[in-house]
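Residue-level structural notes
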Amino acid sequence: MSEKQRNVPVKKQIASINTDYVRSIERQENRNKAKKVRLARRLFMFTILSVALVGFLISTLLNSKSAYEEKQLQKEQVAQELEQVKEEQEMLKVQISKLNDDEYIGKLLRKQYFLSEEGEIIFTLPGKEEK
């Protein structure tokens, strides 16, 4: 063979065999391709739905977490208020116990209403004005 003959591409013409067997094989191949396309579409849709579901769950989780943190802050504030109320309650209990004492009531009346005991004289000093 010469060099000229080697460089020349040989074009082959292929004719397809048109028999029942070949047609059935082609139909089978087309069905398989269609199945693969349907499978790819289903997998794509499943992936999209899965991503959407995961996104929804994550957003729900984040919302729940922020609501939980708000409730924790609210709980701390209420606990502080409760402590203040308990302290005030203790102070009021002490004051009630003092009000049950006759000597304390007498002192209180003398101080606020300028009442006196027998034989006592009350002097009001100028310059001490209470507002």
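In this report, the structure presented in the accompanying data block is examined. What you see is a predicted model, and the numbers here were worked out from it, not measured in a lab.

Looking now at the overall build of the protein chain. Within the protein chain one finds three helices and zero strands. Helices and strands appear in the protein chain in the N-to-C order α-α-α. Of the accessible surface of the protein chain, which amounts to about 13,700 Å², a share of 58% is contributed by carbon and sulfur atoms.

What follows covers a positive patch on the surface. Together, Arg27, Arg31, Lys35, Arg38, Arg41 and Arg42 make up a region of like positive charge exposed at the surface. You can call arginine 38 partly exposed: its relative accessible area is 43%.

Turning to the pattern of salt bridges, a few remarks are in order. Evaluated as defined, the whole model comprises one salt bridge. Notably, a salt bridge pairs aspartate 20 with arginine 23, separated by 2.8 Å at the nearest N-O pair. Within this pair, aspartate 20 and its partner arginine 23 are both found in helix 2 (residues 20-99), separated by three residues, close to a single helical turn. Residue classification places aspartate 20 among the exposed residues on the basis of a relative accessible area of 58%.

About the cut-offs
Residues numbered from 1 in each chain as written. Predicted model: local features only at pLDDT ≥ 70, side-chain atom pairs only at ≥ 80, totals over all residues. Heavy atoms only, no water. Helix = DSSP H or I, 4+ residues; strand = E, 2+ residues; numbered from the N terminus. Areas by Shrake-Rupley, 256 points an atom, 1.4 Å probe, with all protein chains shown as cover. Patch = residues over 30% accessible without salt bridge, like charges linked within 9 Å, V, L, I, M, F, W, Y side chains within 5 Å. Salt bridge = Lys/Arg side-chain N within 4 Å of Asp/Glu carboxyl O. Lys, Arg positive; Asp, Glu negative; His and termini not counted. Charge placed at Lys NZ, Arg CZ, Asp CG, Glu CD. Buried < 20%, exposed > 50% of the residue type's maximum accessible area, 1.4 Å probe, protein only.

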